[in-house]
Amino acid sequence: MARARAIVSYAESEVAWLRDWLGPAAPLAFVPFGVDTQAFSPATQPADVDVVSVGADPRRDFPLLTELAARSPQLAFRIVASADQVRSLGQLSPNVAIESDISLEDVRDRLQAARVVALPVRDNSYSGATTTLLQAMALAKPVVVSRTDAIAGGYGLEDGVNCRLVPPGDVDAFERAVLELLAGADAATALGIRARETVERSLSWERYTTALWELLDL
């Protein structure tokens, strides 16, 4: 680590934590992650699943989502997770469909099919759910995501502007945000449009790779 030209983190909070540990001279850099805005671009087909959640990250709070599904049996939920996560969920409500270990193209299709993308994450310091969050935003989907330290700063996220941010572990707040978006089609559409604008402006894959090359050229 002492010979590293740069130590890159996708979270401002993690950079601050590492600086306290390694000292002010450590070659730390915060680089927001990016998304391929060509591969993940809005489609014209109508959404046909109320709530979709995708991810294999160990900090995903799928139990929170399954509790929300049990509270709203009139809504259709789809969860795409790792096989281990699926096994850990146990008995699910009939309104929850489950998939595991699917291709990236299928992931994109599942996100495209969502009226709302839900990304509950347990509190943590690293960039859990960031990839799926940016993919969903690039697809112009309204997203509800837990406000973890990893995304609280540096990504230009604003609650009610380009996504809905809720406290980690708060099932009531998460439920309110999801139901509000499902009930307000115009507001949900506007949120998705601004989400797409955000990633095009400052969270694209090109911006991300350029930032890495600039670090290597120091």
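Preceding this section is the structure that the text describes.
In this text the structure is predicted, and so the values were computed from the model without any measurement.

Basis of the calculations
Residues numbered from 1 in each chain as written. Predicted model: local features only at pLDDT ≥ 70, side-chain atom pairs only at ≥ 80, totals over all residues. Heavy atoms only, no water. Helix = DSSP H or I, 4+ residues; strand = E, 2+ residues; numbered from the N terminus. Rg over C-alpha atoms; globule rule 2.2 N^0.38 Å. Buried < 20%, exposed > 50% of the residue type's maximum accessible area, 1.4 Å probe, protein only. Contact = heavy atoms within 4.5 Å. Salt bridge = Lys/Arg side-chain N within 4 Å of Asp/Glu carboxyl O.

Engineer: Kindly report on the overall build of the protein, identifying the contributing residues and their values.
Structural biologist: Regarding its fold elements, the protein presents 9 helices and 8 strands. Taking 2.2 N^0.38 as the reference for a compact globule, 218 residues should give roughly 17 Å; the C-alpha atoms of the protein span a radius of gyration of 18 Å, in line with that estimate. In terms of overall dimensions, the protein has a C-alpha envelope of 55 × 35 × 30 Å along the principal axes. Relative to its 218 residues, the protein shows a buried fraction of 48%. The contacts in the protein between residues at least 6 apart in sequence include a share of 68% that link residues at least 24 apart.

Engineer: Got a sec to walk through the environment of Ile102? Specific residues and values, please.
Structural biologist: With respect to the element layout, Ile102 can be found in the loop between β5 (96-100) and α4 (104-112). When residues no more than four places from it in sequence are discounted, the contact partners of Ile102 are Val80, Val107 and Arg110.

Engineer: Hey, could you go over the pattern of salt bridges for me, with residue numbers and the actual values?
Structural biologist: Using the criterion set out here, one finds 11 salt bridges in the structure. Two residues, Arg115 and Asp50, come together in a salt bridge whose shortest N-O distance is 2.7 Å. Here Arg115, found in strand β6 (residues 114-119), pairs with Asp50, found in strand β3 (residues 49-54); they are 65 residues apart in sequence, far enough to count as distant. Accessibility expressed as a relative area gives 12% for Asp50, which makes it buried. Residue Arg71 pairs with Asp172 through a salt bridge whose shortest N-O separation is 2.8 Å. Of this pair, Arg71 sits in helix α2 (residues 62-71) while Asp172 sits in helix α7 (residues 171-183), and the two are 101 residues apart along the sequence. Classification of Asp172 as partly exposed rests on a relative accessible area of 38%.

Purely geometric numbers; function is a separate question.
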